[in-house]
Amino acid sequence: MKRIVSDRLKICWDAGNVSFYEGIYPDPDLPDLAPHVKAICLKDHLGLRGDPNFPPPGQGQIVHEQMFRTLFSAGFNGPMAVERVDGRDTKAKLVPEVAAERLAAACKHLTAILDRVTAPA
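Residues numbered from 1 in each chain as written. Predicted model: local features only at pLDDT ≥ 70, side-chain atom pairs only at ≥ 80, totals over all residues. Heavy atoms only, no water.

Report on the sheet that holds strand β2 (residues 37-42), specifying residues and quantitative values.
The sheet built from three strands is open, its strands ordered β1-β2-β3 with parallel pairing. Single-partner strands in this sheet number two, and they are β1 (11-13) and β3 (80-82). With strand direction ignored, the average angle separating the axes of adjacent strands in the sheet is 25°. As paired elements, β1 and β2 share three bridges and run parallel to each other. Residue pairing across strands places I11 opposite V37, the latter belonging to β2. On top of the sheet, helix α3 (residues 64-73) reaches β1, β2 and β3; it is set at about 165° to β2, its chief contact. (Pairing = 2+ DSSP bridges. Helix = DSSP H or I, 4+ residues; strand = E, 2+ residues; numbered from the N terminus. Axes fitted to C-alpha atoms, helices over the stretch in contact; angles between N-to-C directions. Contact = heavy atoms within 4.5 Å.)

Hey, could you go over helix α4 (residues 96-118) for me, with residue numbers and the actual values?
The end-to-end C-alpha distance of α4 is 32 Å, a good match for the 33 Å that 23 residues give at a rise of 1.5 Å each. Those residues of α4 not exposed but buried are A99, A106, L110, I113, L114 and V117. Residues of α4 that are buried in the fold lie against β2, α3 and β3. (Expected span 1.5 Å × (residues − 1). Buried < 20%, exposed > 50% of the residue type's maximum accessible area, 1.4 Å probe, protein only.)

Account for the pattern of salt bridges, naming residues and giving values.
Side-chain pairing between opposite charges can occur once the charged atoms of the two side chains come close. One pass over the structure, following the stated rule, counts six salt bridges. Across the pair K43 and E83 runs a salt bridge, and its minimum N-O distance is 2.4 Å. With K43 in the loop between β2 and α3 and E83 in the loop between β3 and α4, this residue pair connects regions lying 40 residues apart in the sequence. The salt bridge involving E65 is made with R69; its shortest N-O contact spans 2.8 Å. Taken together, the positions of E65 and R69, both in helix α3 and four residues apart, correspond to about one turn of that helix. Judged by relative accessible area, R69 falls into the partly exposed class, the value being 40%. Connected through shared salt-bridge partners, D14, K43 and E83 make up one network. (Salt bridge = Lys/Arg side-chain N within 4 Å of Asp/Glu carboxyl O.)

Can you explain the pairing of β2? Please cite residues and give values.
Counting buried positions along β2 gives five out of six residues, so the element sits mostly inside the fold. In this sheet, β3 lies alongside β2 in parallel orientation, the contact comprising three bridges. Each residue of the ladder has a partner; that of I40, found in β3, is M80.

Shown next as structure tokens:
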């Protein structure tokens, strides 16, 4: 953000990628970056840096509630999308029934958090 100054360049935040690629969770830089986040890619990560284990949100080490609180307090009001729920099943495609179950679990988990975080004080 500091090197490329543009009104058109913003951030799509992905805490799962920060954990996977950098081994950092929660990211200590998020409060500084939060005003520039315009979209969120939701996924969880479980394991050490580089471990390709992306379980459904709520079943890994990402603290989504803390992330949402930080982003919403900075004015976030953008789109969010769940990206991965395959966990360790990365070598084979998930059958539709299993994918649907995992997406439903992710939705339930994330909706509960969003309800808490956005509830009137």
